[in-house]
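Chain and residue survey
For reference, the chains in residue letters:
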Amino acid sequence: KKARFGDQDSVRITVFSNGILVKSGPFRPYTDPKTMSFIRDITDGYFPAEFKNEYPDGVLLVSHDRRSEPFGEDFEAFKGEGNTLGRKAQKL
């Protein structure tokens, strides 16, 4: 495949002191073996195995560091709109 520029899919990973959110949830505590496997894949430099079927060509992982705070019931993922440099973002 050739390299290309343009819009690229991404997966948001929010890291809390007590676990992670992948995409928009659900919350995944560090005590869950699936969570630890996911993190181990990333820290070992591998693409997370659970994404291989959904993203066979890979996907950009975007992390948000919130390790200084635990995940709680008052957390709300961003629900607003955003803009991509120079144009409006697509509505989902």
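Residues numbered from 1 in each chain as written. Predicted model: local features only at pLDDT ≥ 70, side-chain atom pairs only at ≥ 80, totals over all residues. Heavy atoms only, no water.

1. Remarks on the sheet that holds strand S3 (residues 27–29)
On the basis of which strands lie adjacent, the open sheet formed by four strands has the order S3-S2-S1-S4 and mixed pairing. Single-partner strands in this sheet number two, and they are S3 and strand S4 (60–66). This sheet shows a mean twist of 25 degrees between the axes of neighbouring strands, independent of strand direction. (Pairing = 2+ DSSP bridges. Helix = DSSP H or I, 4+ residues; strand = E, 2+ residues; numbered from the N terminus. Axes fitted to C-alpha atoms, helices over the stretch in contact; angles between N-to-C directions.)

2. Looking at the environment of Pro29
Locating Pro29 in the fold gives a position in strand S3. For Pro29, a relative accessible area of 29% translates into the label partly exposed. The spacing of Pro29 and Phe71 is 42 residues in sequence and 9.1 Å in space, taken between C-alpha atoms. In this view, Pro29 contacts Asn18, Gly19 and Thr35; residues no more than four positions away in its chain are not counted. (Buried < 20%, exposed > 50% of the residue type's maximum accessible area, 1.4 Å probe, protein only. Contact = heavy atoms within 4.5 Å.)

3. A short note on the packing of aromatic side chains
This structure, assessed with the given rule, holds five aromatic pairs. Measuring from ring centre to ring centre gives 4.4 Å for Phe27 and Phe71, while their planes differ by 5 degrees; the resulting arrangement is stacked. Of this pair, Phe27 sits in strand S3 while Phe71 sits in the loop between S4 and strand S5 (83–84), and the two are 44 residues apart along the sequence. Taken together, a centroid distance of 5.6 Å and an interplanar angle of 80 degrees make the contact between Phe38 and Phe51 edge-to-face. Linking Phe38 in helix H1 (residues 33–43) with Phe51 in the loop between H1 and S4, this pair joins segments that are 13 residues apart in sequence. One exposure class covers both Phe38 and Phe51, and it is buried. Among the aromatic residues, those joined into a cluster by ring pairs are Phe38, Phe47, Phe51 and Tyr55. Taking NZ or CZ as reference, Arg28 lies 5.0 Å from the ring centre of Phe38, over its face. (Phe/Tyr/Trp six-rings, centres within 6.5 Å; stacked < 30°, edge-to-face > 60°. Lys NZ or Arg CZ within 6 Å of the ring centre and 35° of its normal.)

By themselves these figures say nothing about function.
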